[in-house]
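Descriptive structure summary
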Amino acid sequence: LELLSKIGGTFDRPEWNGEAALADGRFIPPRIPHTVDRLQALALFYPDAIVLDSARGEFAGGKVAAFGRIDLPRSTPEGTTPLDYRFQLLLENASVRYPEGFLLRGGGELTLQATAEGRQLRGEIELARLDYVQDIDLSPTQIIQRFLTRTRLTVEETDDFLASTYLAVAVEAPGALRVRN
């Protein structure tokens, strides 16, 4: 990691400029059983924004790239501007083992953007294959037991971050579903 920065301004209004470059890094996303390897990234720092100029790496046998910008809140005569951001993620030819029991092969493009109501995740995912790889017990005894057994479904509370995220994601997977049992 190489970091070059200039810090100035006052304590009330600090200003900074600079850049950070990452070479051959590794990122471990939470709750996903894959890592981003050979990560190359360049971030630019401005007094009122942070720009992810590029981030590229290998993910789940495919290629991943990300770009984005965060506009920081600042004081104006009309008031304080809100935090604003927009990030774009591109994925090509990946084989992702998520969620548990599935193997997803394909790619897509997603955009995460701040909105007045919260945030919006939109884009398109194209799946060449979607494999369900967990065994399903289809014995007559097991099927009868499932129909006759009462189960209680517990719904967990959704945190505020997820509750205020709007989804507009199209998933295309013509002929892609395969069940291995």
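Residues numbered from 1 in each chain as written. Predicted model: local features only at pLDDT ≥ 70, side-chain atom pairs only at ≥ 80, totals over all residues. Heavy atoms only, no water.

1. Considerations on the overall build of the protein chain
Selection criterion: What counts as a helix is a DSSP run of H or I of at least four residues, what counts as a strand is a run of E of at least two, and both are numbered from the N terminus. Each residue gets one of three labels from its accessible area relative to the maximum for its type: buried under 20%, exposed over 50%, partly exposed in between, using a 1.4 Å probe on protein chains only.
Scanning the protein chain from N- to C-terminus turns up two helices and 12 strands. Counted from the first residue to the last, the protein chain has its helices and strands arranged as β-β-β-β-β-β-β-β-β-β-α-α-β-β. Principal-axis analysis of the C-alpha atoms gives the protein chain an extent of 75 × 35 × 25 Å. Buried positions account for 22% of the 181 residues belonging to the protein chain.

2. Digging into the pattern of salt bridges
Note the threshold: Salt bridges are defined by distance alone: a side-chain nitrogen of Lys or Arg within 4 Å of a carboxyl oxygen of Asp or Glu.
For the coordinates displayed, the defined rule picks out five salt bridges. Arg 26 is the partner of Asp 37 in a salt bridge, and the nearest nitrogen-oxygen pair spans 2.7 Å. Here Asp 37, found in strand 3 (residues 36–46), pairs with Arg 26, found in strand 2 (residues 14–27); they are 11 residues apart in sequence, far enough to count as distant. On the basis of relative accessibility, which here comes to 58%, the residue Arg 26 falls in the exposed class. For Arg 69, the salt bridge is made with Asp 71, and the minimal N-O distance between the two is 2.8 Å. Relative accessible area serves as the criterion here: at 39%, Arg 69 is assigned to the partly exposed category.

3. Structural notes on the pairing of strand 9 (residues 102–114)
Under the convention used in this document: Here, any two strands with at least 2 DSSP bridges between them count as paired.
Summarising the sheet, strand 8 (residues 84–96) and strand 9 pair through nine bridges and their orientation is antiparallel. From the neighbouring strand, Leu 90 faces strand 9, where its bridge partner is Glu 109. A loop of five residues connects strand 8 with strand 9, the two strands running antiparallel in sequence, and Gly 101 in this loop sits at a positive phi of about 95 degrees. Pairing geometry for strand 9 and strand 10 (residues 119–132), over 13 bridges, is antiparallel. Along strand 10, the bridge assignment pairs Thr 111 with Arg 122.

4. A short note on unusual backbone geometry
Following Tyr 98, the chain continues to Pro 99 via a peptide bond in cis, the omega torsion being -5 degrees. Relative to the helices and strands, Pro 99 resides in the loop between strand 8 and strand 9. Backbone geometry at Arg 31 places phi at a positive 65 degrees, although glycine is not the residue there. The residue Arg 31 is located in the loop between strand 2 and strand 3 in this model. Classification of Arg 31 as exposed rests on a relative accessible area of 78%.

5. Points about the packing of aromatic side chains
Here is the rule: Two rings from Phe, Tyr or Trp (for Trp, the six-membered ring) form a pair when their centres sit within 6.5 Å of each other. Planes less than 30 degrees apart are called stacked, planes more than 60 degrees apart edge-to-face, and all others tilted.
In the structure shown here, the tally under the stated rule is two aromatic pairs. Note on Phe 102 and Tyr 132: the rings are 5.0 Å apart at their centroids and 65 degrees apart in plane angle, and the pair reads as edge-to-face. With Phe 102 in strand 9 and Tyr 132 in strand 10, this residue pair connects regions lying 30 residues apart in the sequence. Exposure remark for Phe 102: the relative accessible area of 26% places this residue in the partly exposed category. What makes Tyr 132 partly exposed here is its relative accessible area of 21%.

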